[in-house]
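Below are the chains, spelled out letter by letter.
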Amino acid sequence: MASENILEVRNLSVDYASDTGTVHAVDNISFVVKRGEIFGLAGESGSGKSTLAFALARLLKFPAKITKGEIVFNFQADRQTPQEEEMFGDSVDILELLPEELRQFRWRKLSIVFQSAMNALNPVLTIETQVTDVIKAHDPSLDARQRRERAIELIRMVGISADRLKSYPHQLSGGMRQRAIIAIALALNPDLIIMDEPTTALDVVVQREILNEIKSLQEKFGFSVIFITHDLSLLLEISTHVAIMYAGRLVELADQEGLILHPYHPYSYGLIHSFPELQGEKKHMLGIPGHPPDLRALPVGCSFAPRCAFAFDACQKVMPALRAPGEAGPAHVVACHLYDPAHNPNRPPTSVDPSLAAETPRGQLASSTGGAQ
Ligand code: SF4
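Because the structure is a prediction, the values reported are computed rather than measured. (Residues numbered from 1 in each chain as written. Predicted model: local features only at pLDDT ≥ 70, side-chain atom pairs only at ≥ 80, totals over all residues. Heavy atoms only, no water.)

J.: I would appreciate a short explanation of the overall build of the chain in the present structure.
T.: In terms of helices and strands, the chain carries 13 helices and eleven strands. Across the 373 residues that make up the chain, the buried fraction comes to 49%. Across the chain, the fraction of contacts at a sequence separation of at least 24, relative to all contacts at a separation of at least 6, is 65%. Total accessible area on the chain is roughly 17800 Å²; 54% of this is exposed by carbon and sulfur atoms. (Helix = DSSP H or I, 4+ residues; strand = E, 2+ residues; numbered from the N terminus. Buried < 20%, exposed > 50% of the residue type's maximum accessible area, 1.4 Å probe, protein only. Contact = heavy atoms within 4.5 Å. Areas by Shrake-Rupley, 256 points an atom, 1.4 Å probe, with all protein chains shown as cover.)

Next up, the structure:
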């Protein structure tokens, strides 16, 4: 029986070598993506999200180096050809794939939608050429007419009229270019699509349209998505599970409802409360003070401590490990000493309570200056 997990990432680490030191961009990250779900990955710029996405697709280039871990992809028998079954079996570690196996695997099983459509598309080729080139490279069994028919089908699927296939990228709006990229990612019916900030450069109306499009395509074709963004409010709307990254590490992982109702990590709490409510009573916005740390010189202990209103002694000394503090058990884990009885025996394992921050010097400073600094 096929595993219910399409992807299992285990203890993955990625470093960048630089003249000024090694950057641990992704540090010992583990998570699973269920078949047919939208898995959200959130964090500020520089938290390691995009490096992680590139590592999953084996697209990292020097000076990036995967230093350890496994990325296990589980195939689904009814979506696997006999040739794929012979080549890969029922599961494979993407990091172990040989170049020809990787060519067969990527785009057919796992594709990626990059952040900037203008950079991802070739400016001197029409959209049709770019769609049909992907099909030609990965499915040589189709002739030119079949490739064109598939290109028309794909471009219509993402809400663009077929006559725009003859357009060059600069002749399309930002939203249309992003749709064209999604069409290319869908070209070979992949089981998993990594979407790296696919709507970041778009205005909110187009962003909404594209999100709806992604959701309805995902429901129709049943593929899984890893959706990466710095916009947690957006992820909480579309994802089944959400992982929060900070300074290259996972700091919280939960299902969507668990994270909304009980954001354990002060950073998750800050991200959730960084967006104004459009309806209801006016609330004071907390925001997150300070800046993400320099990954070459992370503080000892918790990387978030210099910005955390709840920090106490243990936070400056010991790096917190992921643990399950609540009733959800391993389905909701957090890396924070607040919930670890070994470091904080006096506080109950509840989600972040902002009133507790008022007890700390940094929390008092935050409230006296109006929250966000
Ligand atoms: Fe804040 Fe300490 Fe938790 Fe880090 S471990 S998030 S510094 S309370």
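J.: Would you take a moment to explain the site of the ligand for this structure?
T.: Of all residues adjacent to the ligand, which total 13 residues, the nearest are C302, C308, C315, C336 and H337. A class-by-class count of the residues in the shell around the ligand yields eleven nonpolar, two polar and no charged. (Near = heavy atom within 4 Å. Nonpolar A, V, L, I, M, F, W, Y, C, P; charged D, E, K, R; others polar.)

J.: Just checking my understanding: could you explain the environment of L95 for this structure?
T.: Mapped onto the fold, L95 is located in the loop between β5 (91–93) and α3 (99–105). Residues L95 and G69, spaced 26 residues apart in sequence, show a C-alpha to C-alpha distance of 8.5 Å. Once residues within four sequence positions are removed from consideration, L95 is found in contact with L12, R58, I66, G69, E70 and I71.

J.: Before we go on, may I ask you to explain the side chain of T229 in this structure?
T.: Relative to the helices and strands, T229 resides in strand β8 (residues 224–229). Only 2.9 Å separates the side chain of T229 from the backbone nitrogen of D231, close enough to count as a polar contact. In this structure, T229 is in contact with L41, A42, G43, K49, E197 and L235, ignoring residues within four places of it in sequence. (Polar contact = N/O pair within 3.5 Å; in protein donor to acceptor, adjacent residues only side chain to side chain.)

J.: Would you mind showing me how to read the packing of aromatic side chains here?
T.: For any two aromatic rings, the description comes down to two numbers: the centre-to-centre distance and the angle of the planes. For the coordinates displayed, the defined rule picks out eleven aromatic pairs. Seen in terms of ring centroids, F75 and F105 are 6.2 Å apart; in terms of plane orientation they differ by 85 degrees. Their pairing is edge-to-face. With F75 in the loop between β4 (64–74) and α2 (82–88) and F105 in helix α3, the pair connects residues that are 30 residues apart, well separated along the chain. Taken individually, F75 and F105 each receive the classification buried, so the pair is uniform in this respect. Joined through ring pairs, the aromatic side chains of F73, F75, F88 and F105 make up one cluster. (Phe/Tyr/Trp six-rings, centres within 6.5 Å; stacked < 30°, edge-to-face > 60°.)

J.: Mind showing me how you'd approach the environment of S161 here?
T.: Its place among the elements puts S161 in the loop between α6 (144–157) and α7 (174–186). By relative accessible area, S161 is classed as partly exposed at 38%. Within the structure, the side chain of S161 is placed 2.4 Å from the side chain of D163, a separation counted as a polar contact.

J.: Explanation requested: the nonpolar core in the structure shown.
T.: General note: in soluble globular proteins, nonpolar side chains tend to be found buried as a group. Grouped together as the largest cluster of nonpolar side chains are 108 residues, with contacts concentrated most on L7, F31, L56, F227 and L232. The dominant element in this core, judged by the number of residues it contributes, is α7, at seven residues. Excluding residues within four positions of it along the chain, L232 makes contact with A42, V242, I244, L259, S268, L271, I272 and F275. (Core = buried A, V, L, I, M, F, W, Y, C linked by side-chain atoms within 4.5 Å.)

J.: I tried to follow unusual backbone geometry on my own but got confused; where do I start?
T.: Across residues other than glycine, the phi torsion is negative in most instances, and most of the peptide bonds are trans. The step from F62 to P63 runs through a cis peptide bond, and the omega angle for that step is 15 degrees. Structurally, P63 can be placed in the loop between α1 (49–56) and β4. One non-glycine residue, N11, lies in positive phi territory at about 50 degrees. Tracing the sequence through the fold places N11 in strand β1 (residues 5–18). We classify N11 as partly exposed; its relative accessible area is 37%. One non-glycine residue, N189, lies in the positive phi region at around 55 degrees. Of note, N189 is situated in the loop between α7 and β7 (192–196). With relative accessibility at 43%, the residue N189 sits in the partly exposed group.

J.: Quick question: what am I supposed to make of the pairing of strand β9 (residues 241–246) here?
T.: In the case of a regular strand, side chains alternate between the two sheet surfaces. Counting buried residues along β9, five of its six residues qualify, which places the element largely inside the surrounding structure. Sheet topology note: the strand β3 (residues 38–42)/β9 ladder contains four bridges and is parallel. Considered in β9, the bridge of F39 is made with H241. Bridge analysis of β9 against strand β10 (residues 249–255) gives six bridges, and the strand direction is antiparallel. (Pairing = 2+ DSSP bridges.)

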